[in-house]
Amino acid sequence: MKCHDSRRHVETSREGVTSRRASTILRDDVSRRLVVTSLAVMILGACSHQPPEGFAPDPGLVAQVRDIRIVTSYARACPGAAIPTSYEAVLVDGSRVPFSRTYDKKHPPRLHVVFLDRTSPEAVTQQDGDWVTDGNALATATTGFRLTATLRARPSVTSTVAVPPEYSCMPHAFVFAGEPGGGPGQSGGNGPDVTVRLAMLRSPFYDKLFVSGIQVGLAPPCGAGVAGAAGSDGAPGAAGCPAQAGGQGGNGGTGGPGGSGGRGGRISVIVPVDNPFLAGIVTGHSGGGPGGPGGPGGPGGKGGKGGKGGMDAGNRRCPDAADGAPGQAGSAGPSGSQGAPGPRSFVVTAPTREIFGLQVPPELSSLLERLQRRP
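How each quantity is defined
Residues numbered from 1 in each chain as written. Predicted model: local features only at pLDDT ≥ 70, side-chain atom pairs only at ≥ 80, totals over all residues. Heavy atoms only, no water. Pairing = 2+ DSSP bridges. Helix = DSSP H or I, 4+ residues; strand = E, 2+ residues; numbered from the N terminus. Axes fitted to C-alpha atoms, helices over the stretch in contact; angles between N-to-C directions. Phe/Tyr/Trp six-rings, centres within 6.5 Å; stacked < 30°, edge-to-face > 60°. Buried < 20%, exposed > 50% of the residue type's maximum accessible area, 1.4 Å probe, protein only. Core = buried A, V, L, I, M, F, W, Y, C linked by side-chain atoms within 4.5 Å. Contact = heavy atoms within 4.5 Å.

Asker: Break down the sheet that holds strand E4 (residues 65–72) for me, with residues and values.
Answerer: Across the sheet, three strands lie side by side as E4-E6-E7; this open sheet has antiparallel pairing. What marks the edges here is a single partner per strand, and that holds for E4 and strand E7 (96–98). The sheet shows a mean angle of 30° between the axes of neighbouring strands, direction not considered. Sheet topology note: the strand E6 (residues 85–91)/E7 ladder contains three bridges and is antiparallel. Bridged to Val 90 within E7 is Arg 96.

The structure is reproduced here in structure tokens:
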């Protein structure tokens, strides 16, 4: 995995940072049940039959609709996950009529989700009425996922709900590795330097929101060993009567040693000066990379061509001699040595407003300002 850019992730918790070989791993055991369940709903919904072209609601029923209820299956949603959603029309008498997700031509529904225009700045609507949220956690930290449904036949009837974000499905394990060697037998690249920036902020949905920014430095270019040389071909047998067999092919050369593993990268953790214990949720380890595999042994040489039979004393042609046996393939070279471990991770403190640097995304800037406005 190659990482050459800065990444920021918003999470309610983050535990464990480990770096292996040119790598860093952030670990946390978090249930992904939300994603799996949502995906199953999406697949099942895609099998439903859609209404025919021209299918429209009864104008009399449309005139009675005063509101639309948007009902999501989850009270909160994770960035990048699906939100199973149903819709109901609220009539002037207070009764409700559901918007169907399926269509039966023998019993057409009074209302169907195709009668709704569905829009959102933070999610993409699906054919069956569900939504798939934006995977950028930072972009929705202050807004949540705003879902809007409008009755197409009567645009004045519209409704919007904001689904708060939650972060249980966010990735909590990251690996950053140096690049392989540029050629056979070359050492692998050192692990990239990784900087983890942590702060405890607040959003409209969480009074305590852990925000982490992970910056990965550029890593220079584990290499496999050079292949062994091919064995020489055997010498051809001499012609005559009897003819001489061809010589045996030479054995292949031993493969070259694999390149050494790269040195582990440096891990730095930057936390607020007024909350240095926040660094305790990050554990850093930077191990050297494994050595590259040894080069394959060279192929054995071909056996020499048997000599051609000559004429005997009775003027009869002697048979040609057999070709020589091929040489044995060479053995593989030894693996390269393990790379040296990186330095111990260290913690740096800074004022909260300076932890993420001077140029921060607008969404992160909004979170920082909200923290400063807090009485």
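Read on for the rest.
Asker: Which residues make up the packing of aromatic side chains, and what values go with them?
Answerer: One pass over the full model with this rule turns up three aromatic pairs. Pairing Tyr 167 with Tyr 206 gives two aromatic rings, centres 6.0 Å apart and planes at 45°, and the pair type is tilted. Of the two residues, Tyr 167 sits in the loop between strand E12 (158–163) and strand E13 (194–201) while Tyr 206 sits in the loop between E13 and strand E14 (209–216), which places them 39 residues apart along the sequence. Taking relative accessible area as the criterion, Tyr 206 reaches 16% and is therefore assigned buried.

Asker: Requested: an account of the nonpolar core, with residues and values cited.
Answerer: The biggest cluster of nonpolar side chains holds 24 residues, and the ones touching the most others in it are Tyr 87, Phe 99, Leu 111, Leu 116 and Leu 151. Secondary-structure elements contributing two or more residues to this core are helix H2 (59–64), E4, E6 and strand E11 (145–151). Considering every element that reaches this core, the biggest residue donor is E11, with four residues. If we skip the residues at most four places from it in the chain, Phe 99 touches Tyr 87, Glu 88, Ala 89, Leu 111, His 112, Val 113, Phe 115, Leu 116 and Leu 151.

Asker: If you had to explain the environment of Thr 195 to someone new, which residues and values would you point to?
Answerer: Structurally, the position occupied by Thr 195 is in strand E13. If we ignore the near neighbours within four places in the chain, the residues touching Thr 195 are Gly 213, Ile 214, Gln 215, Ser 268 and Ile 270.

Asker: Tell me what's going on with the sheet that holds E12, and back it up with residues and numbers.
Answerer: Sheet strands pair via backbone hydrogen bonds, and the direction of the pair is either parallel or antiparallel. Strands sit in the order E8-E11-E12 across an open sheet of three strands; the sheet is antiparallel. The outermost strands of the open sheet, each flanked by one partner alone, are strand E8 (116–119) and E12. On average, each strand axis in the sheet is inclined to that of its neighbour by 15°, with strand direction left out of account. In terms of strand pairing, E11 meets E12 through six bridges, oriented antiparallel.

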